[in-house]
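If you want the building blocks of each chain, they are given just below.
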Amino acid sequence: MKELKEAIINKGVVLSKGVLKVDSFLNHQIDPMLVMQIGKQFAKRFKQTKITKILTIESSGIAPSLTTALELNIPLVFARKKKSLTLSSNLLTAKVYSYTKNETNEITVSKDFISCDDHVLIIDDFLANGEAALGLATLVEQAGATIAGIGIVIEKSFQPGREKLEAAGYNVEALARLASLENNRVQFLEENLINN
Ligand code: 5GP
């Protein structure tokens, strides 16, 4: 997705060979026009798929999930990383190790919001080792619902996330795929397809 690749090149900051900071348009300050386009792009990529609900994880997954939900005219549910006082029973839960924070969170979603009839599109901002997406997939499976696919805004293709998700049988669509962050430089997987 051309606009996303441009934002990554112009505004992304390579923190190390494993971590890209996108705080100026996605993870802290949010560029609403770009995030609207991200929603349209996910809706387009999954248009042949039956989807009744989007599931993401707080907080950075919420903005791109909301614009996708708006395009598809379906509800969005986000998993919480900390237990809420108002959310204490009737829960779906999974453990997720956070790559950037080096901590394990128990993520939760109320059983009220995902049922066995749902076809769930999982969305997240980054794909690294696949922990967050696999944790979200566990919640969907606990509910007896179907996983329609996994949408990722920025995939670090040099890390094993996609391989794990595909091995588990999930269809993964990523809007930007990074081949490397070596030498402080962002390299896309399809370097010659910058217009895609
Ligand atoms: P995974 O669970 O696939 O190992 O990592 C994905 C999660 O970690 C995402 O939800 C995202 O918040 C965070 N993450 C992983 N890698 C990066 C990165 O390079 N930059 C940023 N900003 N977040 C990342």
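Fair warning: this is a prediction, and the values are worked out from it, not measured in the lab.

Asker: For this particular structure, what's the right way to read the environment of Ala174?
Answerer: Position of Ala174 relative to the elements: it lies in strand S9 (residues 172-180). With relative accessibility at 7%, the residue Ala174 sits in the buried group.

Asker: Mind showing me how you'd approach unusual backbone geometry here?
Answerer: Backbone geometry follows two general trends: most residues other than glycine have a negative phi, and most peptide bonds adopt the trans configuration. Cis rather than trans, the peptide bond between Glu58 and Ser59 has omega equal to -5°. Mapped onto the elements, Ser59 comes out in the loop between strand S3 (53-57) and helix H4 (62-72). A positive phi is found at Asn102, a non-glycine position, where the angle reads about 55°. Within the secondary structure, Asn102 is located in the loop between strand S5 (91-98) and strand S6 (103-110). On the basis of relative accessible area, Asn102 is assigned to the exposed category, the value being 57%.

Asker: Just to check I follow, could you spell out the packing of aromatic side chains for this structure?
Answerer: The geometry of an aromatic ring pair comes down to the distance between the two centres and the angle between the two planes. Enumeration over the complete set of coordinates arrives at 0 aromatic pairs. The ring of Phe188 has Lys5 sitting right over it, with the charged end atom 5.4 Å from the ring centre.

Asker: Explain the layout of surface pockets here, please?
Answerer: Summary: where empty space remains is shown by rolling a probe the size of a single water molecule over the atoms. Of the pockets and cavities examined, the largest pocket occupies roughly 710 Å³. Together, 33 residues line the largest pocket, and Lys81, Ser98, Thr100, Asp125 and Phe126 are the ones closest to its centre. Mapped onto the lining of the largest pocket, the elements with two or more residues apiece are strand S2 (20-21), helix H2 (23-27), S5, S6, strand S7 (119-127), helix H5 (131-142) and strand S8 (146-156). In terms of residues, the lining of the largest pocket owes the most to one element, S7, which gives 4 residues.

Asker: I tried to follow the site of the ligand on my own but got confused; where do I start?
Answerer: The local shell around the ligand holds 16 residues, among which Leu20, Asp124, Gly130, Ala132 and Lys156 are the closest. A distance of 2.7 Å separates an oxygen atom of the ligand from a polar atom in the backbone of Ala132. Within the complex, the protein chains bury 90% of what would otherwise be the 500 Å² of accessible surface of the ligand. Of all the cavities here, the one that holds the ligand is the largest pocket. Broken down by secondary-structure element, the contributors of at least two residues to the shell around the ligand are S7 and H5. Tallied by class, residues from the shell around the ligand come to 7 nonpolar, 5 polar and 4 charged.

Asker: Please explain the environment of Thr104 as it appears in this structure.
Answerer: Within the fold, Thr104 resides in strand S6. Residues Thr104 and Glu155 lie 51 residues apart in sequence; the distance between their C-alpha atoms is 21 Å. Not counting residues within four places of it along the chain, the set of residues in contact with Thr104 comprises Lys95, Val96 and Tyr97.

Asker: I'm lost on the pattern of salt bridges in this one. Help?
Answerer: By the definition in use, this model includes 8 salt bridges. In this structure, Asp118 and Lys53 form a salt bridge, with 3.8 Å as the shortest nitrogen-oxygen distance. Here Lys53 lies in strand S3 and Asp118 lies in the loop between S6 and S7, a separation of 65 residues in the sequence. For Asp118, a relative accessible area of 9% corresponds to the buried category. Lys53 sits in the buried class, given a relative accessible area of 14%. In this structure, Arg177 and Glu155 form a salt bridge, with 3.0 Å as the shortest nitrogen-oxygen distance. You can see Arg177 sitting in strand S9 and its partner Glu155 sitting in strand S8, a full 22 residues away along the chain. On the accessibility criterion, Glu155 (1% relative accessible area) is buried.

How each quantity is defined
Residues numbered from 1 in each chain as written. Predicted model: local features only at pLDDT ≥ 70, side-chain atom pairs only at ≥ 80, totals over all residues. Heavy atoms only, no water. Helix = DSSP H or I, 4+ residues; strand = E, 2+ residues; numbered from the N terminus. Buried < 20%, exposed > 50% of the residue type's maximum accessible area, 1.4 Å probe, protein only. Phe/Tyr/Trp six-rings, centres within 6.5 Å; stacked < 30°, edge-to-face > 60°. Lys NZ or Arg CZ within 6 Å of the ring centre and 35° of its normal. 1 Å grid on protein atoms, 1.4 Å probe; cavity = no way out; pocket = protein on both sides within 12 Å on 5 of 7 lines; lining within 4 Å. Points joined across faces, edges and corners; volume = space filled by probe spheres on them. Near = heavy atom within 4 Å. Polar contact = N/O pair within 3.5 Å; in protein donor to acceptor, adjacent residues only side chain to side chain. Areas by Shrake-Rupley, 256 points an atom, 1.4 Å probe, with all protein chains shown as cover. Sits in = over half its atoms within 2 Å of the grid points. Nonpolar A, V, L, I, M, F, W, Y, C, P; charged D, E, K, R; others polar. Contact = heavy atoms within 4.5 Å. Salt bridge = Lys/Arg side-chain N within 4 Å of Asp/Glu carboxyl O.

By themselves, these are just geometric observations and shouldn't be taken as functional.
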